[in-house]
Amino acid sequence: MSEKILENNRVSVVGEVASEFTFSHEVFGEGFYLTTILVNRLSDQTDEIPLMVSERLMDVNRDYRGGVIEATGQFRSFNRHEGSRNRLVLSVFAREINFPEDYSDSTKTNQIYLDGFLCKAPIYRKTPLGREIADLLIAVNRPYGKSDYIPCIAWGRNARYASSFEVGSRIRVWGRVQSREYTKKISEEDVEKRIAYEVSVSKLEFVE
């Protein structure tokens, strides 16, 4: 049963390691660590993607910065308590790690597939230049009654199609993980730069 559930959330990313590992949390004596990898887009931009790795999967004490890493696993979320509020934190949870010597196919450096349920009404809008956008939040089930909540963004015809989906609809999404920098107002005087992570949708379908 659990293997079937795990197939509803698949991600594969290849990129350059940009930071050392930092401790995240421990589960049943197993430590999990975070690093950032830089994944190139076809548009020459770069996505900064957080990668969560078990200390049992690779040597987290080594400095891998500048090297290329390939990770396959799942896109996961958890709520981090910050004062009186919860903040949704997303990362690629690695199940397999490889160190490719040559990775020439840039179209396959960032791929994700999700099969889940819409847990908020889609937010449909148009940019000043008339480009259609829809923001979606998808709940993807995990074993043992847990779920990951994944923000997705659709464009053009996909956005128009998604705007008609109702809360609770089951949908499948194909796309890539992307990062986006934004500023958050901390106080009247202070703003803070942050990075948001989401799935940029290339294809989606409604499951009857």
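Our structure's up above, just so we're on the same page.
First, a word on what this report is: a plain description of the structure on this page. Note that the structure is predicted; figures quoted are calculated from it, not measured. (Residues numbered from 1 in each chain as written. Predicted model: local features only at pLDDT ≥ 70, side-chain atom pairs only at ≥ 80, totals over all residues. Heavy atoms only, no water.)

What about unusual backbone geometry?
Note the following rule: The way it works is that DSSP assigns letters per residue, a run of H or I at least four long becomes a helix, a run of E at least two long becomes a strand, and they are numbered from the N terminus. Here the term buried applies to any residue with accessible area under 20% of the maximum for its type, exposed to any over 50%, and partly exposed to those in between, with areas from a 1.4 Å probe on protein chains only.
One non-glycine residue, phenylalanine 28, lies in the positive phi region at around 50°. Along the chain, phenylalanine 28 falls in the loop between strand 2 (22-27) and strand 3 (30-40). Of note in the backbone geometry, aspartate 44 takes a positive phi value of approximately 75° without being a glycine. Locating aspartate 44 in the fold gives a position in the loop between strand 3 and strand 4 (46-54). With a relative accessible area of 73%, aspartate 44 lands in the exposed category.

Observations regarding the side chain of serine 54
What counts is decided by this rule: Polar contacts, as counted here, are pairs of nitrogen or oxygen atoms within 3.5 Å of one another; within protein the pair requires one atom able to donate a hydrogen and one able to accept it, and residues that are adjacent in sequence qualify only if both atoms are side-chain atoms. A contact between two residues is defined here by any heavy atoms of the two lying within 4.5 Å.
Tracing the sequence through the fold places serine 54 in strand 4. What makes serine 54 buried here is its relative accessible area of 8%. Separated by 2.5 Å, the side chains of serine 54 and glutamate 30 make a polar contact. For serine 54, the contacting residues outside a window of four places in its chain are Glu30, Gly31, Phe32 and Val60.

Digging into the state of the cysteines
Among covalent bonds in proteins, the disulfide is the one between the sulfur atoms of two cysteines. Test applied: Whenever a pair of cysteine sulfur atoms sits within 2.5 Å, that pair is classed as a disulfide.
With the rule as written, the count across this model stands at zero disulfides. Counting only cysteine sulfurs, cysteine 152 is the nearest neighbor of cysteine 119, a cysteine outside any disulfide, at a range of 9.6 Å. Look at cysteine 119 and you get partly exposed, because its relative accessible area is 30%.

Observations concerning the packing of aromatic side chains
Heads up, the rule is: Pairing of aromatic rings covers Phe, Tyr and Trp, the last counted by its six-membered ring, and requires centre-to-centre distances within 6.5 Å; plane angles under 30 degrees mean stacked, over 60 mean edge-to-face, and any other angle means tilted.
In this structure the tally under the stated criterion is seven aromatic pairs. Taken together, a centroid distance of 6.1 Å and an interplanar angle of 90° make the contact between phenylalanine 21 and tyrosine 64 edge-to-face. Of this pair, phenylalanine 21 sits in the loop between strand 1 (9-17) and strand 2 while tyrosine 64 sits in the loop between strand 4 and strand 5 (68-82); the two residues are 43 residues apart in sequence, bridging distant segments of the chain. No difference in accessibility class separates phenylalanine 21 from tyrosine 64, as the two residues are buried. Both rings, one in tyrosine 161 and one in phenylalanine 165, keep their centres 4.9 Å apart while their planes meet at 75°; by these two values the pair is edge-to-face.

A few points about the pattern of salt bridges
We count it as follows: Think of a salt bridge as a Lys or Arg side-chain nitrogen and an Asp or Glu carboxyl oxygen that are within 4 Å of each other.
This structure, assessed with the given rule, holds 15 salt bridges. The partner of arginine 176 in a salt bridge is aspartate 47, with the nearest N and O atoms 3.4 Å apart. Here aspartate 47 lies in strand 4 and arginine 176 lies in strand 11 (residues 170-185), a separation of 129 residues in the sequence. Assessed through its relative accessible area of 24%, arginine 176 is described here as partly exposed. With a shortest N-O distance of 2.6 Å, arginine 65 and aspartate 63 are connected by a salt bridge. In this structure arginine 65 comes out as partly exposed when scored by relative accessible area, which is 46%. A cluster of three or more residues bridged by salt bridges with shared partners is formed by Asp115, Arg170, Arg172 and Glu205.

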